[in-house]
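Next come the chains, spelled out residue by residue.
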Amino acid sequence: MNYLISLGIGLGVGLLYGALDFRSPAPPAIALVGLLGMLAGEKLWPMGKTLVAGWIS
């Protein structure tokens, strides 16, 4: 199942790149910044959920 999710997300990002007319593969520095953003987003998501849950209760 993880492979299908990863494929779906990859396709979505590929469509976004195409819509923005962004060159792929990106130069190494841009690719690393993108990976950093992905990792930060992955870590920030649980923190954001906890923060919103605290505001709601």
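Note that the coordinates shown come from a computational prediction; the quantities given were computed from them, not determined experimentally.

What counts and how
- Residues numbered from 1 in each chain as written.
- Predicted model: local features only at pLDDT ≥ 70, side-chain atom pairs only at ≥ 80, totals over all residues.
- Heavy atoms only, no water.
- Helix = DSSP H or I, 4+ residues; strand = E, 2+ residues; numbered from the N terminus.
- Rg over C-alpha atoms; globule rule 2.2 N^0.38 Å.
- Buried < 20%, exposed > 50% of the residue type's maximum accessible area, 1.4 Å probe, protein only.
- Patch = residues over 30% accessible without salt bridge, like charges linked within 9 Å, V, L, I, M, F, W, Y side chains within 5 Å.
- Areas by Shrake-Rupley, 256 points an atom, 1.4 Å probe, with all protein chains shown as cover.
- Salt bridge = Lys/Arg side-chain N within 4 Å of Asp/Glu carboxyl O.
- Expected span 1.5 Å × (residues − 1).

A.B. asks: How would you sum up the overall build of the chain? Please name residues and give values.
C.D. replies: Regarding its fold elements, the chain presents two helices and zero strands. The C-alpha atoms of the chain give a radius of gyration of 15 Å, which is well past the 10 Å a tight globule of 57 residues would have. Counting only C-alpha atoms, the chain reaches 45 × 30 × 20 Å along its principal axes. Here the chain, with 57 residues, has 0% of them falling under the buried criterion.

A.B. asks: Outline a nonpolar patch on the surface, listing residues and values.
C.D. replies: Nonpolar side chains collect at one region of the surface, where Met1, Leu4, Ile5, Leu7, Ile9, Leu11, Val13, Leu16, Tyr17, Leu20, Phe22 and Ile30 lie side by side and expose about 1200 Å² of accessible area between them. Ranked by residues supplied to the nonpolar patch, first place goes to helix H1 (residues 2-20) with nine residues. Locating Leu4 in the fold gives a position in helix H1.

A.B. asks: Quick one: what's the story with helix H2 (residues 28-56), residue by residue and with numbers?
C.D. replies: End to end, H2 covers 41 Å across 29 residues, agreeing with the expected 42 Å (1.5 Å per residue, within 8%). A small share of H2 lies buried, amounting to zero of its 29 residues.

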